[in-house]
Amino acid sequence: LDKIETSPIGFLTTHVLDTANGIPAAGMFIELKRISDNTILKQFITNADGRLDKPALSGSEFKSGSYELQFHVGEYFAALGTPIAPTPFLDVVPIRFGIDNPESHYHVPLLCSPWSFSTYRGS
């Protein structure tokens, strides 16, 4: 029998919560990079819920490998009018992660303030 090729069913999502103000981080600029060749794959702006309107990666784009999401938190808090120094303590927050199984859902959330951040593998 011939082998039927299908796209992976897994996908990558993210969302951002502004823990300083207790709100979703709407309007935050995010870049997605592939680590192996340092290529920027996509750029996004979070929606009103602090999420992307569609998966960051899915289908044939969703492959095993190492990636980095760059969250532009300094720009976000400056636009919000949050008092921060001219040189923000946190500017671009990089989160590096690996995709091992392209059949799974990978969710990489960011919780952030102008002075701290955390992440975890969500669901």
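First, a word on what this report is: a plain description of the structure on this page. All of these numbers come straight from a predicted model, not from anything done at the bench.

### Overview of the side chain of His-107
Of note, His-107 is situated in strand E9 (residues 105-107). Judged by relative accessible area, which is 6%, His-107 ranks as buried. Reaching out from His-107, the side chain makes a polar contact with the side chain of Thr-13 at a distance of 2.6 Å. With near-sequence residues (within four places) excluded, His-107 lies in contact with Thr-13, Thr-14, His-15, Arg-51, Tyr-120, Arg-121, Gly-122 and Ser-123.

### Some words on the sheet that holds strand E4 (residues 29-34)
Pairing is antiparallel in the open sheet, where 4 strands are placed in the order E5-E4-E7-E8. The open sheet has two edge strands with one neighbour each: strand E5 (39-45) and strand E8 (92-99). Shown here is a sheet whose adjacent strand axes are inclined to one another by a mean of 20 degrees, direction ignored.

### Quick word on the pairing of strand E7 (residues 65-72)
Here E7 lies mainly inside the structure; 6 of its 8 residues are buried. Pairing geometry for E4 and E7, over 5 bridges, is antiparallel. Within E7, the position partnered with Lys-33 by the bridge is Glu-68. Looking at chain direction, E7 and E8 are connected through 8 bridges and run antiparallel.

Conventions used here
Residues numbered from 1 in each chain as written. Predicted model: local features only at pLDDT ≥ 70, side-chain atom pairs only at ≥ 80, totals over all residues. Heavy atoms only, no water. Helix = DSSP H or I, 4+ residues; strand = E, 2+ residues; numbered from the N terminus. Buried < 20%, exposed > 50% of the residue type's maximum accessible area, 1.4 Å probe, protein only. Polar contact = N/O pair within 3.5 Å; in protein donor to acceptor, adjacent residues only side chain to side chain. Contact = heavy atoms within 4.5 Å. Pairing = 2+ DSSP bridges. Axes fitted to C-alpha atoms, helices over the stretch in contact; angles between N-to-C directions.

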